[in-house]
Amino acid sequence: MKHTIAILLVGALFAACGGRGDDEEAAEVFFANLKDGDTVTSPVKVEMGVTGMKLEPAGPIVEGSGHHHILINKGPMPFGEIIPNDETHRHYGKAQTEAELELEPGEYQLTLQYANGIHASYGPDLAASINITVE
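Residues numbered from 1 in each chain as written. Predicted model: local features only at pLDDT ≥ 70, side-chain atom pairs only at ≥ 80, totals over all residues. Heavy atoms only, no water.

Draft legend 1. Focus on the environment of G66. Here G66 is to be found in strand β5 (residues 65-72). Judged by relative accessible area, G66 falls into the buried class, the value being 2%. Residues G66 and K54, spaced 12 residues apart in sequence, show a C-alpha to C-alpha distance of 6.5 Å. Setting aside residues no more than four positions away along its own chain, G66 makes contact with K54, L55, E56, Y114, A115, N116 and Y122. (Helix = DSSP H or I, 4+ residues; strand = E, 2+ residues; numbered from the N terminus. Buried < 20%, exposed > 50% of the residue type's maximum accessible area, 1.4 Å probe, protein only. Contact = heavy atoms within 4.5 Å.)

Structure follows, in structure tokens:
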């Protein structure tokens with residue numbers, strides 16, 4: 001319980017302090033190999049990109065850096081909110097830039113969400129969403 005409260009407090013402090021420097025205002029995340037409306041097969045290979053921010057593994061908060069998360073059928077997370085780690089919130093805390101998603105056939109929204117070392121979201125400004133169909 002104390003650990004959860006500490007994480008929430010750090011996330012709130014991150015949000016209150018702004019979280020990223022002015023130099024990163026033009027930063028963006030993107031799907032390097034997928035585009036909105038693509039039809040794919042499972043496993044779905046996802047190549048994740050970022051510009052204007054450093055790619056760092058999970059750990060301490062380092063200004064101007066972070067790592068990727070893929071949210072399945074979820075939109076962008078609010079700035080400063082800690083991203084859960086479950087089947088619909090995939091963490092790539094080792095600074096991975098590629099992933100394979102095992103998805104059943106159907107329609108999906110994938111959101112690429114950038115977050116800091118403690119998984120506190122950089123918000124909608126550092127997120128990208130696409131819709132795909134898995135055959």
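Draft legend 2. View of the nonpolar core. One finds V44, I70 and L110 to be the most contacted residues of the largest nonpolar core, which totals 26 residues. Broken down by secondary-structure element, the contributors of at least two residues to this core are β1 (28-31), β3 (44-51), β5, β7 (98-101), β8 (106-115) and β9 (127-134). Once you skip the residues sitting within four places of it in the chain, V44 turns out to touch L34, A99, E100, L101, L103, I132 and V134. (Core = buried A, V, L, I, M, F, W, Y, C linked by side-chain atoms within 4.5 Å.)

Draft legend 3. Seen up close, the environment of H67. Considering the arrangement of structural elements, one finds H67 in strand β5. A polar side-chain atom of H67 sits 3.0 Å from a polar atom in the side chain of H119. (Polar contact = N/O pair within 3.5 Å; in protein donor to acceptor, adjacent residues only side chain to side chain.)

Any functional reading would require information beyond the geometric quantities listed.
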